[in-house]
Amino acid sequence: MPPFSAYAGIFVLAGSIILFQIALTRVFAIMMWHHFTYMVVSIALLGFGAAGSFLTARAEGLKHDAPSKPVARAALLYGIAVVVTLLLATQLRVNTLKLWSEPSNLGALLLLYGLITVPLFVGGYAVGLALTRFAAHANKIYFADLVGSAAGGAASVALLDAFGGAPTVVLAGAFGALGALAFASGVPGLVRKFVLPVLATCVFAASVTGLGRPLGLPAYEIDVPFATDKEINDLAGTHLDMRLPSATAEVQVSTNIENGPPIMGGNFGALDEMKLDLRAVAQDGTAPTQMFKDAADIARFKFLDDTQAASGYRAFAARGGKDPEVLVIGVGGGIDVMVALAHGASRVDAAEINRAMIRMVTEDYDDYLGGLFRPGAHPYSDKVHLVNSEGRSFMRNSDRRYDLIQMSGVDSFTALSTGAYTLSESYLYTVDAVKEFYDHLKDGGIVTYSRYILSWPKRPRETLRLANIAITALKELGVEDPASHLAVFQGSSWASTMIKRGPFTRAEIDDLQRFAVAEGFRGFVFDPLFEPGKNLLPLPGDVESALRLYVNAQAPNAAPSDIDGAVAALRHATLAEASGLAGTPAPPTPPSLRDALAPRAGEMITYLRTNSEPFLKTRDIFFHLLRATPDEKERFLADYPYDVSPCTDDTPFFFNYYRYSGLWSKHGRDGVESSEDKAFHPEYPVGHMILLSSLAQIVLLGVALILLPLRSLAKKGIQSPHKGRILAYFAALGVGFMCIEIVLMQKVVIVLGHPTYALSVVLSSLLGFAGIGSFLAAKLDARCPKTLTRLGLVVAALIVVTAIGMNVFPPMLLGLGFGVRVLAVVLLLAPIGIVLGMPFPTGVRALEATSPQLVPWAWAINGFSSVFASLACIVASMAVGFTVVFVAAAVIYLIGFTALTRVVRAA
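Please read these numbers as outputs of a predicted model, since none were measured by experiment.

A volume near 630 Å³ is recorded for the second largest pocket. As for the second largest pocket, its lining consists of 26 residues, of which Phe163, Pro167, Glu221, Arg243 and Pro245 are closest to the centre. Secondary-structure elements contributing two or more residues to the lining of the second largest pocket are helix H5 (138-163), helix H6 (165-184), helix H7 (190-209) and strand E1 (240-244). Per-element accounting of the lining of the second largest pocket gives the leading share, five residues, to E1. Here the residues of the lining of the second largest pocket sort into 14 nonpolar, five polar and seven charged.

The next thing to look at is the nonpolar core. Within the largest apolar cluster, 161 residues are counted, with the highest numbers of intra-cluster contacts made by Phe730, Ile740 and Tyr893. Top element by residues in this core is helix H23 (residues 723-752). It accounts for 18 residues.

In this section: the packing of helix H28 (residues 839-850) against helix H30 (residues 882-906). Packing of H28 against H30 leaves a shortest axis separation of 11 Å and a crossing angle of 20 degrees. Classified by the angle between their axes, H28 and H30 sit roughly parallel to one another. You can see that H28 and H30 cross each other, and the crossing is left-handed. Contact with H28, carried on its side by Pro839, Gly843 and Ala846, involves Tyr893, Phe897, Leu900 and Val904 of H30 and no other residues of that element. In the contact of H28 with H30, the residues fall into six nonpolar, one polar and no charged.

Within this structure, the stated rule accounts for 28 aromatic pairs. With a centroid separation of 6.3 Å and an interplanar angle of 65 degrees, the aromatic rings of Phe437 and Tyr449 are classed as edge-to-face. Note that Phe437 is positioned in helix H13 (residues 431-439) and Tyr449 in strand E10 (residues 441-452), a separation of 12 residues in sequence. What makes Phe437 buried here is its relative accessible area of 0%. Judged by its relative accessible area of 0%, Tyr449 falls in the buried class. For the ring pair Phe653 and Phe882, a centre distance of 5.6 Å and an interplane angle of 45 degrees mean the geometry is tilted. Here the residue Phe653 occupies a position in the loop between helix H20 (630-639) and helix H21 (675-680), and Phe882 occupies one in helix H30, the gap between them amounting to 229 residues. Grouped by ring-pair contacts, the aromatic residues Tyr142, Tyr729, Phe730, Phe840, Trp859 and Phe897 constitute a single cluster. The residue whose ring lies beneath Lys500 is Phe504, and the NZ or CZ to ring-centre distance is 5.5 Å.

Here we come to the side chain of Arg451. Positionally, Arg451 belongs in strand E10. Among the residues examined, Arg451 registers a relative accessible area of 3% and is labelled buried. There is a polar contact of 3.2 Å between the side chain of Arg451 and the backbone oxygen of Val410. Side-chain polar atoms of Arg451 contact the side chain of Tyr429, separated by 3.0 Å.

Here we come to the environment of Gly107. With respect to the helices, strands and loops of the structure, Gly107 is situated in helix H4 (residues 103-133). Measuring from C-alpha to C-alpha, the distance between Gly107 and Pro839 comes to 41 Å, with 732 residues separating the pair along the chain.

Omega for the peptide link from Trp456 to Pro457 comes to 15 degrees, which places this bond in the cis form. You can see Pro457 is positioned in the loop between E10 and helix H14 (462-476). A positive phi is found at Asp481, a non-glycine position, where the angle reads about 50 degrees. Within the secondary structure layout, Asp481 lies in the loop between H14 and strand E11 (486-490).

A cluster of nonpolar side chains, contributed by Val800, Ile804, Val808, Phe809, Met812 and Val887, occupies part of the molecular surface with about 500 Å² of accessible area. Along the chain, Val808 falls in helix H25 (residues 785-808).

Time to look at helix H10 (residues 335-342). Here H10 lies mainly inside the structure; seven of its eight residues are buried. Taken together, the buried positions of H10 are Ile335, Asp336, Val337, Met338, Val339, Ala340 and Leu341. Tucked inside the fold, the buried residues of H10 contact strand E5 (286-292), helix H9 (311-318), strand E6 (325-329), strand E7 (347-352), strand E8 (384-388) and strand E9 (402-408).

Let us now look at empty space enclosed by the protein. Using the criterion set out here, one finds five cavities of 30 Å³ or more in the structure. What the largest cavity holds in volume is close to 660 Å³. Lining the largest cavity are 30 residues, with Phe48, Met738, Leu767, Asn862 and Ser866 sitting closest to its centre. For the lining of the largest cavity, the elements supplying multiple residues, two or more each, are helix H1 (4-31), helix H2 (34-57), H5, H23, helix H24 (755-776), H28 and helix H29 (855-880). Split by residue class, the lining of the largest cavity holds 19 nonpolar, nine polar and two charged. Taken as a whole, the second largest cavity holds about 40 Å³ of empty space.

All right, on to the pairing of E1 then. Taken residue by residue, a regular strand's side chains alternate between the two faces of the sheet. As judged from the four bridges shared by E1 and strand E2 (residues 251-254), these two strands associate in the antiparallel manner. Bridge pairing links Met242 to Val253 in E2. Between E1 and E2, which pair antiparallel and follow one another directly, the connecting turn spans six residues.

Before going further, it helps to spend a moment on a positive patch on the surface. A contiguous patch of positive charge, built from Lys69, Arg73, Arg192 and Lys193, is present on the exposed surface. The set of elements that each furnish at least two residues to the positive patch consists of helix H3 (68-89) and H7. Secondary-structure assignment places Arg192 in helix H7. Relative accessible area serves as the criterion here: at 65%, Arg192 is assigned to the exposed category.

For an α-helix, the turn length of 3.6 residues means that residues three or four places apart are oriented alike. Here helix H17 (residues 560-575) contains 16 residues, and its C-alpha end-to-end distance of 22 Å stays within 8% of the 22 Å for a straight helix at 1.5 Å per residue. Its buried side turned inward, H17 meets helix H16 (541-554), helix H18 (591-597) and helix H19 (601-626).

Axis separation between H1 and H6 bottoms out at 8 Å; the angle between their running directions is 165 degrees. One finds that H1 runs roughly antiparallel with respect to H6. Considering only the axes of H1 and H6, their crossing is left-handed.

Cut-offs used in this document
Residues numbered from 1 in each chain as written. Predicted model: local features only at pLDDT ≥ 70, side-chain atom pairs only at ≥ 80, totals over all residues. Heavy atoms only, no water. 1 Å grid on protein atoms, 1.4 Å probe; cavity = no way out; pocket = protein on both sides within 12 Å on 5 of 7 lines; lining within 4 Å. Points joined across faces, edges and corners; volume = space filled by probe spheres on them. Helix = DSSP H or I, 4+ residues; strand = E, 2+ residues; numbered from the N terminus. Nonpolar A, V, L, I, M, F, W, Y, C, P; charged D, E, K, R; others polar. Core = buried A, V, L, I, M, F, W, Y, C linked by side-chain atoms within 4.5 Å. Buried < 20%, exposed > 50% of the residue type's maximum accessible area, 1.4 Å probe, protein only. Axes fitted to C-alpha atoms, helices over the stretch in contact; angles between N-to-C directions. Parallel < 35°, antiparallel > 145°, perpendicular 65-115°, else oblique. Left-handed = near helix turned anticlockwise from the far one by under 90°. Contact = heavy atoms within 4.5 Å. Phe/Tyr/Trp six-rings, centres within 6.5 Å; stacked < 30°, edge-to-face > 60°. Lys NZ or Arg CZ within 6 Å of the ring centre and 35° of its normal. Polar contact = N/O pair within 3.5 Å; in protein donor to acceptor, adjacent residues only side chain to side chain. Patch = residues over 30% accessible without salt bridge, like charges linked within 9 Å, V, L, I, M, F, W, Y side chains within 5 Å. Areas by Shrake-Rupley, 256 points an atom, 1.4 Å probe, with all protein chains shown as cover. Salt bridge = Lys/Arg side-chain N within 4 Å of Asp/Glu carboxyl O. Pairing = 2+ DSSP bridges. Lys, Arg positive; Asp, Glu negative; His and termini not counted. Charge placed at Lys NZ, Arg CZ, Asp CG, Glu CD. Expected span 1.5 Å × (residues − 1).

Functional significance is not addressed by these values, which are geometric in nature.
As structure tokens, then:
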């Protein structure tokens, strides 16, 4: 019978290990680009399974003496290794964008693999050894392991918010050392030997987190470097002023930059250009934005109405709208709120998901912003309402309708992980999201997404997919002629996708076209009022602007109406054929300008056609998709080089527009790539390459580490019967559980409105209830085939019932308080959590009675398959959606139970 100290040690050690995994992902989200974060952590997690292989090779399953002493030593080594690994890893510089061009980066990446594998191997060894030696009591040991993991997962969000990634990693090491002390308490005389290293680890953790300041401990800061080529390296200008911790994404703020150019999630135009005092802001070193000094003095910033991102406000004003009520999603440094106020907003609700951003604008830099979000600080104060919430969650809990809903460059490239999975999806860019936004618009209201757009010869991706999502949503809502409710307006490298509750009018379209000419923007890549053969295409705004300057230079004294006439004539000559109006009479050039323009008319038309052609090709792409018949649209989507099919909440991978065929196509097929494009919009599907290479590495290493222990046992003359079926059972448990965990996290994001809440609630609830299930499963007869069959059927049935429930119940929870929603999710997860905790300890007890030498092997298989599933689930979900993957987990469990039942029958 294991002593209480063993259960306490397992509880603390398991919590430490999962806390380490989560916090390490936050650290690597800063040190590397998001693709590589989950690859490195996933590969390192193989070390956890490798510990089981090592225990198998040592035939630990055949030993029965109490393991408290070696487990205590391993736990202490794990705690120290966590801290040392972090200190060494943050000294490495890995430029993941140049892995192949500069081999030193590949070497550094491999070294990083090795470093973080060490603590996970040692931690896995400690847990695996306890489980192996106490296999007869696997239910209670596994109960302590799962409940400890649940506690670590639940604590991770609060710790990351309070201290950040690196300090939380050190805390995980300290908890590991304390777990060692718990194990040591069960061995006479061992505690005395452990006190000094455990105390040293805890003192260092107190120094790093700042918890030791009341005791006079000096603060020690671990510098986590940014990945090479992340924007913060260039935008900070001088130095960082502050780094704000967060479980969502660390926020970095630069020192004041004098005379800096403003930037936002959109393009500023040619009018009212100015330089100003500002601070650069980033999340995990990327997703840049800014804070303007004295931002509350809105009148000072004349350029706020000169941004393409404000095109929705222009359209609203063009139809006579005044005093709009606005919802801004993604506050950043407050620029979108400033734009709303500059356009006369009577109310601005601002939803920001990252608590560190909220703290930045309301506390740390409140004075710098002039009290932009401070009640009573300026004349606009009563109009601004800032909330910490995900945009859709905020709307779902409000009956308010808006004239404008604004999202400017709201991304999801930050890495937040369960330890093996990155939440790189976005629920703002789905058909379901657009339908919800549309339902919260007043009549004539507009949803505006400002997103990056690639221009010919590159093919548009993000904005084209977003427009297709909008069209699909409008069709599903039963909107007649949905294309008439959609307009896409391009600045230069950004475009506004505007979705209106009502058809766009000629007044709105004409005003925005004049706006494009005045600001030097490109203009409409999709004009809902354009009909080939009936309307003449407009010149790109920047081209027409240049043309007007030229005409005015040739005839400085010409009347404005004559310049308009000359531009109209040249426009017709340039675009009549492309508009389907070839052969129609052209408007005459005004007589006062005919002589001045005639000598170079042909040259001008050639110039206009050359500079309009790329824009027209991009327009043509949008037109053919958005005005296509169902059959034409199906062919377009199949033939287009990128996947721009509409995303749903079940497949929310908006940024996954690459096709796997792109892995073998010619790199950079659409022309030369800028450094910005290489980082954010590469022609080559880097994410797919990383995903598949990670899977390949996991499979190769997993197969080797699974087969080698069997060979070692065979050399010792130890037989391993039914190894294929045992492999199938424990692999099924690992794959099935991980698929369920990942899908539940995704489903709960919508209910709770924040990925960090989903992580905390699902992880702690699922693992906690699984621990209870493990404890209760001790009453099951692990050697009875009928019992195993019934358990398998119950598990499969509850998976299917939960899948249905997660699609049916969430809408019913909308409008309820946050605490009520959390409680509802916990209760919904309780049944499935309990039954999912039963199969593993039941299988271990069955194995202990038939093939005890394979107990640690089962631990290894479960670990390898969990890591494999964490990535394979992403691939599968991209292809078929979360719901199908969830239901498939039921089939996987049934296959596993069938295999174990045959093992028991043959014994």
